[in-house]
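# Remarks on the overall topology
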Amino acid sequence: MNQAVATETLDFIEDISPEALKVRQALEDRGLETPLVDNGLTRQQKYERIRDSFREITETLGLDLRDDSLQETPHRIAKMYVDEIFSGLNYSQFPKISVIENKMQVEEMVLVDDIDLVSTCEHHFVTIDGTARVAYIPGNKIIGLSKINRIVRFFAQRPQVQERLTQQVLVALQALLETDDVAITINAVHYCVKSRGVMDSNSSTRTTALGGVFKSDNATRSEFLR
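Treat the numbers as computed from the prediction; the structure is a model and nothing was measured. (Residues numbered from 1 in each chain as written. Predicted model: local features only at pLDDT ≥ 70, side-chain atom pairs only at ≥ 80, totals over all residues. Heavy atoms only, no water.)

## Considering the side chain of Gln157
Mapped onto the elements, Gln157 comes out in the loop between α5 (145-156) and β5 (159-160). What makes Gln157 buried here is its relative accessible area of 16%. A distance of 3.5 Å separates a polar side-chain atom of Gln157 from the backbone oxygen of Glu84. (Helix = DSSP H or I, 4+ residues; strand = E, 2+ residues; numbered from the N terminus. Buried < 20%, exposed > 50% of the residue type's maximum accessible area, 1.4 Å probe, protein only. Polar contact = N/O pair within 3.5 Å; in protein donor to acceptor, adjacent residues only side chain to side chain.)

This is the structure:
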């Protein structure tokens, strides 16, 4: 690795917040981190490689990149991959989290429903589109409500399988809130089912991850799922 890349990699590590490091460690300890390797590439290098690769793909398909509608397509895709739909691979993009002391002594369930979720199937790189419901029972800490939405979005902005995504959100919130009492369910349409293969446009997939009292207490679990 040359000095410039090494320096940028070090800067990248230093840019990761303590909360992001805590979440990443919790996922690694549970074997739930997205399969990743540190290839040492800068953002610009990733962009250039993806752009050039998609130029080859479009040309292989027989598309004429001289056409004004297509000529910027490799650039658009590379920028979209690096800066948008796969930005959750970069922990420096982990949302700033407001976790505060539970001074109000909140003891009942906090639930955020109908969280919009758009992800990408890691098997075919097509869209996963759905909603999430997330709940927790506060212990010593509570979290800003919009941060729950942002955590869901962060882990969705990766090549994913829905089962792992569900578990990642659960473990991230458990680590940040320092409580096991967290639950999440995701209901989503997979375009690898809808637009290819079986081409079933009606089915959806639901996954659930329960922790603490949501797993051990039937009434709490039923309240969340209902």
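## Examining the sheet that holds β5
Across the sheet, 5 strands lie side by side as β5-β2-β3-β6-β7; this open sheet has mixed pairing. The outermost strands of the open sheet, each flanked by one partner alone, are β5 and β7 (205-210). The pairing of strand β2 (residues 110-121) with β5 spans 2 bridges and is parallel. Counterpart to Thr120 in the pairing with β5 is Pro159. Each of β2, β3 (127-136), β6 (182-190) and β7 touches helix α9 (residues 218-225); the most contacted strand, β3, lies at about 140° to it. (Pairing = 2+ DSSP bridges. Contact = heavy atoms within 4.5 Å. Axes fitted to C-alpha atoms, helices over the stretch in contact; angles between N-to-C directions.)

## Considerations on the packing of helix α2 (residues 18-30) against helix α6 (residues 162-177)
It is at 9 Å that the axes of α2 and α6 come closest, and there the two elements cross at 125°. Put simply, α2 runs oblique to α6. The element α2 and its partner α6 pack so that their crossing is right-handed. Between α2 and α6, the residues in contact are Glu19, Lys22, Val23, Ala26, Leu27 and Arg30 and Gln167, Gln168, Val171, Ala172, Gln174, Ala175 and Leu176, respectively. (Parallel < 35°, antiparallel > 145°, perpendicular 65-115°, else oblique. Left-handed = near helix turned anticlockwise from the far one by under 90°.)

## Considering the environment of Ser201
Looking at where Ser201 falls in the secondary structure, it is placed in the loop between α7 (191-194) and β7. With a relative accessible area of 45%, Ser201 lands in the partly exposed category. Sequence separation between Ser201 and Tyr191 is 10 residues, and the spatial gap between their C-alpha atoms is 8.4 Å.

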